[in-house]
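Remarks on the overall topology
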Amino acid sequence: MKKFKFKKIYDDNLTAKIISLVIAIFFWSYVMGVENPTETMTIRNVRVNFENVESLENKGLILINQADQFVNIKVSGKKNELNKLKEGSVLATVDLKGFGVGDSRAMVSTRFESNPGNIQVENVTPRDVLVSIDKVITKEMAVKIDTLGTPVENYIVGEISTTSPNVKIKGPKATLDKVRGLVSTIDISDKKESFTISNPVKAVDENGDELVNIEAVPNVINISVPIFQTVIKPIELKTKGNLPTLLNIKSYDINPSTITLKVLNDVKIPQNITTEEVDLSAINKNTSIKLKLNIPDGLVPIDETIEYKLNLLLDNYAIRRVEIKKSQIEFVNLPDGLKLKENEINDTYFVDLKGPEDLVTTLDAGNLSFICDLGNAHLGLQRYEIILQSKDANLSLNNPVTIDLNMEEDSLNNNIGDNNENNNNNNVDENDNNDIEN
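The sections below set out a description of the structure shown in this document. No experiment lies behind these values; they were computed from the predicted model shown. (Residues numbered from 1 in each chain as written. Predicted model: local features only at pLDDT ≥ 70, side-chain atom pairs only at ≥ 80, totals over all residues. Heavy atoms only, no water.)

**As for the nonpolar core**
Counting residues in hydrophobic clusters, the biggest one holds 27 residues, and the most contacted among them are V351, L353, L368, F370, I386 and L405. The element contributing the most residues to this core is strand β33 (residues 401-409), with 4 residues. With sequence-adjacent residues up to four places away left out, I386 is seen in contact with I324, I329, V351, F370, I371, C372, L397, V401 and I403. Of all hydrophobic cores here, the second largest spans 23 residues; its members include V48, V71, I73 and V108. (Core = buried A, V, L, I, M, F, W, Y, C linked by side-chain atoms within 4.5 Å. Buried < 20%, exposed > 50% of the residue type's maximum accessible area, 1.4 Å probe, protein only. Helix = DSSP H or I, 4+ residues; strand = E, 2+ residues; numbered from the N terminus. Contact = heavy atoms within 4.5 Å.)

**A few points about the sheet that holds strand β30 (residues 369-373)**
The sheet built from 5 strands is open, its strands ordered β27-β30-β31-β33-β28 with mixed pairing. Every interior strand has two partners, whereas the edge strands, β27 (329-332) and β28 (338-340), have only one. Strand-to-strand twist of the sheet, defined as the mean angle between neighbouring strand axes without regard to direction, takes the value 40°. In this structure, β27 lies alongside β30, joined through 4 bridges in parallel fashion. The residue bridging I329 from the neighbouring strand is F370, located in β30. (Pairing = 2+ DSSP bridges. Axes fitted to C-alpha atoms, helices over the stretch in contact; angles between N-to-C directions.)

**Considerations on unusual backbone geometry**
The step from V217 to P218 runs through a cis peptide bond, and the omega angle for that step is -5°. Assignment of secondary structure puts P218 in the loop between β15 (215-217) and β16 (220-225). That bond from N255 to P256 is cis: its omega, -10°, falls within 30 degrees of zero. Its location among the elements puts P256 in the loop between β19 (247-255) and β20 (258-263). A positive phi angle is found at N154, which is not glycine, with a value near 70°. Structurally, N154 can be placed in the loop between β8 (128-148) and β9 (155-157). Among the residues examined, N154 registers a relative accessible area of 47% and is labelled partly exposed. With a phi angle near 65°, N333 is a residue other than glycine that sits in the positive phi range. Within the element layout of this structure, N333 appears in the loop between β27 and β28.

Okay, here's the thing in structure tokens:
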């Protein structure tokens, strides 16, 4: 009888335990459903990573739309597990293996960086992204060196050089087809000394805008920039010989009249630059002559293409014999004690005038004036030259003109001198007598 009671108690305890467990599970499920419910969450702006890029490179292809693309990923799971998700826990990828040239839509795959537990991906927005692939090509192009600014005043930039005048560029065919040039830009503002600089190279389109996704080899080049001082000097004409008879230079000019030079080294800079001698004896008419310049070593023309020309305008000269009167001759510098025998001077003389034809043929001989310098005169007959006094430098005597003049003593001046001497002697005697009397 007692044994039966023990079994009954045991059965009652087991039933109670089972009931308690069921109740506990119920309450646990209730609590978990209320306190840790299943929720959804959207992770926004997840960057899409492209995988197997090397598979494109192995085929000579390249992904050209490498700008960041983003998707939104919706996940679901228990609240406490979702709360544990960190930035970057969910990855979005596109596998490029098997893609070829052209534009395609590629499905975005997702995965968790670590074990997500019971979190699941519900959807991805957008589900696919654009993939643009192009063939990789290589070109070699010359580099153009551009400059910004200007050097210090009176300084210029010489011929810029680089160790890499040509550069290879590599990139998508569609992009390289847009390349119109390679440029490297240097700043020369306020420079006065030569310098060398390492500068990047960039590919530009027809508008001068830089193109991306292009690899340049080398991408940095060494550039040498020579800076020279400049000077501006007048040109001086040098001649030899004389113009043919009855020709004269009416006017001339050198065009351009100055030359701009760059100074290569520490050289003495002349006041002007002379021309090689122009032979006047070979010129018989108005002409334009190309000039050669004598430029010292160490100086170089800024522009060696400029031609320097001498423009000559000639006058036809004429010779005309005219008669002049002795009244037109002024005698000057006659020494004291001499007198010109004016009664022996001819009333008229003939002289040959030379000058521009229009001047010589129309002048009035009566308006001419001459000077005869008697500074070296002495007693007796002597020949003296007369000099034309003309306001027009183009008018001259064709040949020297001399006249015979006779000099005699000027007795009047001599008597006056003797009297003055006697008076002086008398004054001396009187002074001496006064001294004796005293």
